[in-house]
Amino acid sequence: MDQKKTGRFLKELRKEKGLTQEQFSEILGVSNRSISRWENGVNMPDFDLVIEIANYYEISIEELLDGERKAHMIDKKTQETLLKVADYNNNEKMAFSRRLNLLFILGVIAFIVYMLLDIRGLTSAGIYENIADFALGLVFGMLLIGVLYTSRYITKIKAFKQRLLGRTARNN
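Residues numbered from 1 in each chain as written. Predicted model: local features only at pLDDT ≥ 70, side-chain atom pairs only at ≥ 80, totals over all residues. Heavy atoms only, no water.

Engineer: Sorry if this is basic, but what is going on with the overall build of the protein chain here?
Structural biologist: Regarding its fold elements, the protein chain presents eight helices and zero strands. Reading the protein chain from its N end, one meets helices and strands in the order α-α-α-α-α-α-α-α. Buried positions account for 24% of the 172 residues belonging to the protein chain. (Helix = DSSP H or I, 4+ residues; strand = E, 2+ residues; numbered from the N terminus. Buried < 20%, exposed > 50% of the residue type's maximum accessible area, 1.4 Å probe, protein only.)

Engineer: Help me understand the nonpolar core, please; the structure alone is not making it clear to me.
Structural biologist: Nonpolar side chains in soluble globular proteins tend to be buried together. Grouped together as the largest cluster of nonpolar side chains are 18 residues, with contacts concentrated most on Phe24, Trp38, Ile53, Ile59 and Leu64. Here the element with the most residues in this core is helix α4 (residues 47–57); it accounts for six residues. Residue contacts for Leu64: discarding those within four places in its chain leaves Thr6, Phe9, Leu10, Leu13, Val50, Ile53, Ala54 and Ile59. Ala110, Tyr114, Leu117 and Ala135 belong to the second-largest nonpolar core, a separate cluster that totals six residues. (Core = buried A, V, L, I, M, F, W, Y, C linked by side-chain atoms within 4.5 Å. Contact = heavy atoms within 4.5 Å.)

Engineer: Mind showing me how you'd approach the pattern of salt bridges here?
Structural biologist: Side chains bearing opposite charge may pair, as long as their charged atoms lie close to each other. Inspection of every chain in the model, using the stated rule, returns two salt bridges. Linking Glu39 and Arg14 is a salt bridge whose minimum nitrogen-to-oxygen distance equals 2.5 Å. Highlighted residues: Glu39 in helix α3 (residues 32–39) and Arg14 in helix α1 (residues 3–16), separated in sequence by 25 residues. Across the pair, exposure class does not vary: Glu39 and Arg14 are buried alike. (Salt bridge = Lys/Arg side-chain N within 4 Å of Asp/Glu carboxyl O.)

Engineer: Teacher, can you tell me more about a nonpolar patch on the surface here?
Structural biologist: On the surface, a nonpolar cluster with roughly 540 Å² of combined accessible area is contributed by Ile105, Ile109, Val113, Ile127, Tyr128 and Ile131. Assignment of secondary structure puts Tyr128 in helix α7 (residues 126–151). (Patch = residues over 30% accessible without salt bridge, like charges linked within 9 Å, V, L, I, M, F, W, Y side chains within 5 Å. Areas by Shrake-Rupley, 256 points an atom, 1.4 Å probe, with all protein chains shown as cover.)

Engineer: Just to check I follow, could you spell out α3 for this structure?
Structural biologist: Counting along an α-helix, one turn takes 3.6 residues, and residues three or four places apart therefore face a common direction. Residues Ile35, Trp38 and Glu39 constitute the buried set of α3. Viewed along the axis of α3, the buried residues span an arc of 95°, placing them on a single side of the element. Close packing links the buried residues of α3 with α1, α2 (21–28) and α4. At the C-terminal side of α3, Gly41 shows a positive phi close to 75°. (Arc of directions from axis to C-beta.)

Engineer: Even after reading the chapter, I still don't get the side chain of Glu39, so can you show me in this structure?
Structural biologist: The class of Glu39 is buried, set by a relative accessible area of 7%. In this structure the side chain of Glu39 is engaged in a polar contact, spanning 2.8 Å, whose partner is the side chain of Gln21. With residues up to four places along the chain from it excluded, the contact list for Glu39 reads Gly7, Arg8, Leu10, Lys11, Arg14 and Gln21. (Polar contact = N/O pair within 3.5 Å; in protein donor to acceptor, adjacent residues only side chain to side chain.)

Engineer: Where do I start with α1 in this structure?
Structural biologist: In this model α1 runs 20 Å from its N-terminal to its C-terminal C-alpha over 14 residues, within 8% of the 20 Å that 1.5 Å per residue would give. Turning to α1, its buried residues number three or more, namely Thr6, Gly7, Phe9, Leu10, Leu13 and Arg14. Buried residues in α1, looked at end-on, bunch into an arc of 160°, giving them a common side. Of the exposed residues in α1, the ones pointing more than 90 degrees away from its buried face are Arg8, Lys15 and Glu16. (Expected span 1.5 Å × (residues − 1).)

Written out as C-alpha cells, the structure reads:
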C-alpha cells in the first residue's frame, strides 16, 4: 500500500465532492490536521474511518487503500468481514483505553496520598514513611507504564516476552 498514492486519491475524492478539508473533517468528526496528514500521505486513517470514508465516497475499501478506482467492486461478504474486523479493532481500542485510564487514576490517587502525607510532614515518620515510599513508587510505576503504553513499546516488550516464553517451553 502506497500512503502517498492513497493520500492523493483521498484529496481527489474530496475535491470531486467539492468539499474543503474543514468540511470533510466535520463530516468525519476528526481534525483538519488529520485530513491534511492523510492527503499528504503522512498518516492513514484508522480502519473504522477507512470504512466510513469508503462508504461516503461510494467506493470500495480496496479502491481506497490502493489509491485508485477499480473496475470491479469488493463483494458484500468481504465488506461485512472487514466491518467485523473494524468493530473488533474498536472494541480492542476501548478496552485498551479503559485499562490506561484505570492506571492513570491509580497513579493520581497514589500521588494524592503521597502529597497528603508530605503536607502533614509524615513522609519520614515510621509506618507513614513506608506508605509514602510505596505511593511514590506507585506513581512512578504508573507513569512508566503510561509512557510504555502510549509509545507502543509495550508491543515490542510483549513480543520479546513471548519469544522468551517460547524458548523456555521448548527447553523444558
